[in-house]
Amino acid sequence: MPRTVVYPLVFVFLLLVPTLAFANQLDLFGLTGRATSLANAYTALADGPEAAFYNPGALIESRNIRAMAGYSFSVPALSLDIQTKGGGDATDPEDVQRARSPEAGQWLSAGVSGGIYDRVYFGFAMQVPIDGSARRKILSPDRPYFLDYDTGIFGLTMIPSMAVQLAPNFGLGAGVRFTMDPFGTMYSDVPTAEGDYTVKTMGKSQLNGQASPIIGFYARSHEFLRFALTYQGQSYSYYHKTTREQLVPEDPNGYVEVETEAWYNFIPRRITLGIVGEPDEHVTLTAEMSYVGWSAYNAPTPRIRLDFSNMNEHHIAYNRPHLLYREDPDFSDIFVTRFAVEPRVNKHLAFRVGYAFEPSPVPKQDGTTTIIDSSTHVISFGVGTNFGGWSGDRFSIDLAVQDHIMTDYYVTKSAGNMQEDDPKTNVAYPRFEASANYIYSGLTASFRF
């Protein structure tokens, strides 16, 4: 006798999908306190271990051995308010959702740079997540999520690099950026018809590392004028897995094949042109423009393919679950502008302020896509001091604060080809008000031998 299978199959499949993280902490906030306080307008200004990330060609300024260590943390505040079908604020608790807010992250950074031979220099920088490395969150694709900021966890990053001095004050460098995903506990927020419940999966998750090149050119034409051009390659991790889910207990034929495919930890390619000017000995001005290749990213939501052929072949009746149709939006390339100023009270004390504007690479949410994103304004502040040694700059301490402000806006998810248009039963329908504020702070200490 054929049996009927009643099973929330689609939600089980979501457990197989890895975290969809779309940006790395280094690209969002920076590596050192000084760079962070200048809104990361640092391509032409980096001259120590941080040059391994910002511009390997600038390592030629590391004529002495330099070492640095830093600590940073973030305070996220992400909000996503659901509204009723009529457009008003929802009052029923069941109609109100808050987008997942990532944990306050903490990171350690370190690096070293210096000369190897005549005209040959090296650099190494790394950043390690502290408490976040044991947490990795999964959210089902039918729930809205923030593109850059709601990722929950970032991986370990290491960047070895080298530079050659082509001529006095001209350098060409190259490095490799390795990003490795930490193993750890996985948490999943799974929506069902009966309500939400959290599934906790212990053990190691099979996650891959990724690598991309960094190439930089640096020129100091005058003592008060510097130019830089940097290329950072694209990278991402790929996940593919085929499993067999047994839907009919004690029946070897009552299974369905599940194929899951996803691209995650996507880092777009960048080309950055930077310039630094010093109109006098007490003021440094820096500005840059970056081309960011988001259009290469074509799969922000996982692909889940179901094969019921075996159950059909054995005439097993089932209630096939309705899979929400997810339309991936088209990403666009963007240009990011940054500029900052660093006034110095004296040779031992400097104040910094910076600003950056990053337009959204994806249009406002519509249809059944789940991405929330808007243009972002970055405001940064910082202070730096140095002391020690004959020149008074052997030790340096830099403190920075960065505030990322996403423009508040409304997004409406249309019913599309979905069967339900009731906001109480279809989490992909309602109108949302999205806003975000992300505060990041860093402290870096460096020493010149």
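Up top is the structure.
Quick notes on the rules
Residues numbered from 1 in each chain as written. Predicted model: local features only at pLDDT ≥ 70, side-chain atom pairs only at ≥ 80, totals over all residues. Heavy atoms only, no water. Helix = DSSP H or I, 4+ residues; strand = E, 2+ residues; numbered from the N terminus. Contact = heavy atoms within 4.5 Å. Areas by Shrake-Rupley, 256 points an atom, 1.4 Å probe, with all protein chains shown as cover. Phe/Tyr/Trp six-rings, centres within 6.5 Å; stacked < 30°, edge-to-face > 60°. Buried < 20%, exposed > 50% of the residue type's maximum accessible area, 1.4 Å probe, protein only. Core = buried A, V, L, I, M, F, W, Y, C linked by side-chain atoms within 4.5 Å. Pairing = 2+ DSSP bridges. Patch = residues over 30% accessible without salt bridge, like charges linked within 9 Å, V, L, I, M, F, W, Y side chains within 5 Å. Salt bridge = Lys/Arg side-chain N within 4 Å of Asp/Glu carboxyl O.

**Q** Account for the overall build of the protein, naming residues and giving values.
**A** The secondary structure content of the protein amounts to five helices and 22 strands. Residue pairs at least 24 apart in sequence account for 72% of intrachain contacts in the protein once pairs closer than 6 positions are excluded. When the accessible surface of the protein is totalled, it reaches about 19,700 Å², and 59% of it is carbon and sulfur.

**Q** Break down the packing of aromatic side chains for me, citing the residues and quoting the values.
**A** All chains considered together, the criterion is met by 15 aromatic pairs. Relative to Tyr 438, the ring of Phe 29 lies with its centre 5.3 Å away and its plane at 35°, an arrangement referred to as tilted. One end of the pair, Phe 29, is in helix 2 (residues 25-29); the other, Tyr 438, is in strand 22 (residues 431-448), with 409 residues separating them in the sequence. Both residues of the pair, Phe 29 and Tyr 438, belong to the buried class. Where Phe 53 meets Tyr 54, the ring centres are 4.8 Å apart and the plane angle is 70°; that geometry is what we call edge-to-face. Phe 53 gets classed as buried once you look at its relative accessible area, which sits at 4%. Overall, Tyr 54 belongs to the buried group, its relative accessible area being 5%.

**Q** Summarise the nonpolar core; cite the residues concerned and give the values.
**A** Note that soluble globular proteins tend to have their nonpolar side chains buried in a common cluster. Residues Leu 31, Tyr 42, Phe 53, Tyr 54 and Ile 159 are the most contacted members of the largest nonpolar core, which totals 25 residues. Secondary-structure elements contributing two or more residues to this core are helix 4 (51-54), strand 3 (120-129), strand 6 (156-167) and strand 10 (209-222). Of the residues forming this core, the biggest block, four residues, is contributed by helix 4. Not counting residues up to four positions away in its chain, the partners in contact with Phe 53 are Leu 26, Asp 27, Leu 31, Ile 159, Arg 177, Ile 214 and Gln 232. Trp 107, Ile 372, Met 406 and Ala 434 belong to the second-largest nonpolar core, a separate cluster that totals 13 residues.

**Q** Break down unusual backbone geometry for me, with residues and values.
**A** Although it is not a glycine, Ala 39 sits at a positive phi angle of roughly 55°. Tracing the backbone through its elements, the reader meets Ala 39 in the loop between helix 3 (33-37) and helix 4. Unusually for a residue other than glycine, Asn 40 sits at a positive phi of about 65°. Given the relative accessible area of 5%, Asn 40 is considered buried.

**Q** Requested: an account of the pairing of strand 11 (residues 225-232), with residues and values cited.
**A** Looking along a regular strand, one sees side chains alternate from face to face of the sheet. The alternating pattern of strand 11 places Arg 226, Ala 228, Thr 230 and Gln 232 on a buried face, while none of Leu 225, Phe 227, Leu 229 and Tyr 231, on the opposite face, is buried. The pairing of strand 10 with strand 11 spans seven bridges and is classified as antiparallel. Bridge assignment links His 222 to a residue of strand 11, and that residue is Leu 225. Hairpin geometry of strand 10 and strand 11 is characterised by an intervening segment of two residues between the two adjacent antiparallel strands.

**Q** Run through a nonpolar patch on the surface, naming residues and quoting values.
**A** Among the surface-exposed residues, Val 164, Leu 166, Phe 170, Leu 172, Ile 215, Phe 217, Leu 229, Tyr 231, Ile 271 and Leu 273 lie close enough to one another that they form a single nonpolar patch of about 840 Å² accessible area. Sorting the residues of the nonpolar patch by element identifies strand 6, strand 7 (170-180), strand 10, strand 11 and strand 14 (270-280) as the ones contributing at least two each. Here Leu 273 shows up in strand 14.

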